[in-house]
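Spelled out from the first residue to the last, the chains are:
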Amino acid sequence: MAKPTLAVHKFSSCDGCQLALLNMGPDLLALAEQLEIKHFAEAGIVNESAPVDIALVEGSVVTAADETRIREVRANSRYLISMGACATSGGIQALKNLAEDPSAWVGQLYPQTEFIDSLDRSHALKAYVRVDFELWGCPVNSRQVVAAAGQLLQGVSPVDNREKLCLECKRAGQVCTLVTRGEPCMGPVTRAGCGALCPAFGRACYGCYGEAELSNGDALQRRLEGLGLAPERAAARFRLIHPDQQQQDPLQLSGGDHDPA
Ligand code: SF4
Ligand code: SF4
């Protein structure tokens, strides 16, 4: 029986999520035995227009060419998974969405702006095409990527864990950096999934997994201000990685057709 097929596509991004996959090492080899990898340029496999069962897509849409290409990826994919903060919410590059004049920043960064071919805004993939499942994180947790791909192929909706990071942190037995060291930890409003990686090293979570369900941002904002952060700096911590975050649609398993959005 033919193996299910997989493609890994890159849009505007730092490649960190693809590296998270490559860093799986032996687990990636095990995955390659179950799936036929048709396109994964960073791993040296190139066939960008191959039709596949699952497309893992890293990065946001920032050029007109990106917009055309993501529609092609969608049309060639049975299931499309947005992989990481850039693809799922626009990422750090969506900070430009906060500018009143979206073109002003270009002149501040580049001496010759005529060579810059960029849309005014950076948006998540779901602004352009239907996304079957969203994976958060900067970078993603590779175990979540493999689990989501496997569950989609089995015809079940992947588990969308929106609980707060604090729960994962407590279950791991970490000492709370917010309570014991006064670090401005975003765990109380951030979704779980990373294994409380930053708190495990005594660092404050900076919210790369996006907003958790039923989060109380006002209470955390007051707590951060109580730690001495100026109100605008406390507010900025909510926008650092996900400045363009929109409320996520309820999880829908599309049924896996090949239609473009
Ligand atoms: S989500 Fe983070 S790690 Fe992944 S590509 Fe974007 S910036 Fe890099
Ligand atoms: S360290 Fe952060 S994530 Fe962990 S319990 Fe404290 S506030 Fe929550």
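Use the structure listed above.
One structure accompanies this document, and this report is about it.

What follows covers the pairing of strand E3 (residues 52-58). Within E3, seven of the seven residues are buried, which leaves the element mostly enclosed by the surrounding structure. Judged from the five bridges that link them, strand E1 (residues 5-10) and E3 form a sheet pairing that is parallel. Paired with His9 across the two strands is Val57, which belongs to E3. As paired strands, E3 and strand E4 (residues 77-83) are joined by five bridges and run parallel to one another. By the bridge assignment for E4, Ala55 is matched with Leu80. In the classification by handedness, the crossover that spans E3, the intervening helix H3 (residues 64-75) and the parallel E4 is right-handed.

Our focus in this paragraph is the site of ligand 2. In the vicinity of ligand 2, the contacting residues are Leu165, Cys166, Cys169, Lys170, Cys176, Thr177, Leu178, Cys185, Gly187, Pro188 and Pro199. Contributions of two or more residues to the shell around ligand 2 are made by helix H7 (165-171) and helix H8 (177-181). Per-element tally for the shell around ligand 2: the top contributor is H7, with four residues.

Now for empty space enclosed by the protein. Empty pockets left among the atoms are what a rolling probe the size of a water molecule brings to light. Evaluated as defined, the whole model comprises one cavity of 30 Å³ or more. As for the largest cavity, its lining consists of Leu6, Val8, Leu21, Leu28, Leu31, Ile37, Phe40 and Leu56. Breaking the lining of the largest cavity down by element, the ones donating at least two residues are E1, helix H2 (26-34) and strand E2 (36-40). Per-class residue counts for the lining of the largest cavity are eight nonpolar, no polar and no charged.

Let us look at the layout of surface pockets. In this structure, the largest pocket spans a volume of roughly 430 Å³. Along its surface, the largest pocket is lined by 24 residues, and Pro139, Val140, Cys194, Leu197 and Tyr209 are the ones closest to its centre. In the lining of the largest pocket, the residues fall into 15 nonpolar, six polar and three charged.

Right, let's talk about the sheet that holds strand E5 (residues 133-135) for a bit. By definition, the strands of a sheet pair up through backbone hydrogen bonds, in either a parallel or an antiparallel sense. Read from one edge to the other, the open sheet built from five strands follows the order E2-E1-E3-E4-E5, with strand pairing classed as parallel. The sheet is open, and its two edges are formed by E2 and E5, each paired on a single side. Each adjacent strand pair in this sheet contributes to an overall mean axis angle of 20°, direction not counted. Here helix H6 (residues 142-153) sits on the sheet and contacts E3, E4 and E5; the angle it forms with E4, its principal contact strand, is near 155°.

Below, the discussion takes up the nonpolar core. If you look at the biggest cluster of nonpolar residues, it comprises 23 residues, and the most contacted ones within it are Leu21, Leu56, Ile81 and Met83. Where this core is concerned, the elements lending two or more residues are E1, helix H1 (16-22), H2, E2, E3, E4, E5 and H6. Top element by residues in this core is H6. It accounts for four residues. Apart from the residues within four sequence positions on either side, Leu56 is in contact with Leu6, Ala7, Val8, His9, Leu21, Ile81, Met83 and Val145. Counting 14 residues, the second-largest nonpolar core is a separate cluster that includes Val52, Ile70, Leu80 and Leu125.

We now examine the site of ligand 1. Neighbouring ligand 1 are the residues Ser13, Cys14, Asp15, Gly16, Cys17, Glu58, Gly84, Ala85, Cys86, Gly137, Cys138 and Pro139. Elements with a minimum of two residues in the shell around ligand 1: H1 and helix H4 (85-89). A class-by-class count of the residues in the shell around ligand 1 yields six nonpolar, four polar and two charged.

Under the 1.5 Å per step criterion, the end-to-end length of H6 is 17 Å for twelve residues, consistent within 8% with the ideal 16 Å. Regarding H6, the residues found buried are Ser142, Val145, Ala148, Ala149 and Leu152. All buried residues of H6 fall inside an arc of 125° around its axis, so they share one side. Those residues of H6 that are buried are in contact with H1, E3, E4 and E5. N-capping of H6 is provided by Asn141, with a side-chain oxygen placed 2.9 Å from the backbone N of Arg143. In the segment just after H6, Gly155 is the residue with positive phi, at about 80°.

A word on the pattern of salt bridges. Within the structure shown, the criterion is met by 13 salt bridges. A salt bridge links Glu48 to Arg69; its shortest N-O distance comes to 2.8 Å. Residue Glu48 is found in the loop between E2 and E3, and its partner Arg69 is found in helix H3; the two are separated by 21 residues along the sequence. Linked through salt bridges whose partners overlap, the residues forming this network are Glu48, Asp66 and Arg69.

So, how was this worked out
- Residues numbered from 1 in each chain as written.
- Chains lettered and ligands numbered in written order.
- Predicted model: local features only at pLDDT ≥ 70, side-chain atom pairs only at ≥ 80, totals over all residues.
- Heavy atoms only, no water.
- Buried < 20%, exposed > 50% of the residue type's maximum accessible area, 1.4 Å probe, protein only.
- Helix = DSSP H or I, 4+ residues; strand = E, 2+ residues; numbered from the N terminus.
- Pairing = 2+ DSSP bridges.
- Right-handed = clockwise from strand over helix to strand, strands pointing away.
- Near = heavy atom within 4 Å.
- 1 Å grid on protein atoms, 1.4 Å probe; cavity = no way out; pocket = protein on both sides within 12 Å on 5 of 7 lines; lining within 4 Å.
- Points joined across faces, edges and corners; volume = space filled by probe spheres on them.
- Nonpolar A, V, L, I, M, F, W, Y, C, P; charged D, E, K, R; others polar.
- Axes fitted to C-alpha atoms, helices over the stretch in contact; angles between N-to-C directions.
- Contact = heavy atoms within 4.5 Å.
- Core = buried A, V, L, I, M, F, W, Y, C linked by side-chain atoms within 4.5 Å.
- Expected span 1.5 Å × (residues − 1).
- Arc of directions from axis to C-beta.
- Polar contact = N/O pair within 3.5 Å; in protein donor to acceptor, adjacent residues only side chain to side chain.
- Salt bridge = Lys/Arg side-chain N within 4 Å of Asp/Glu carboxyl O.

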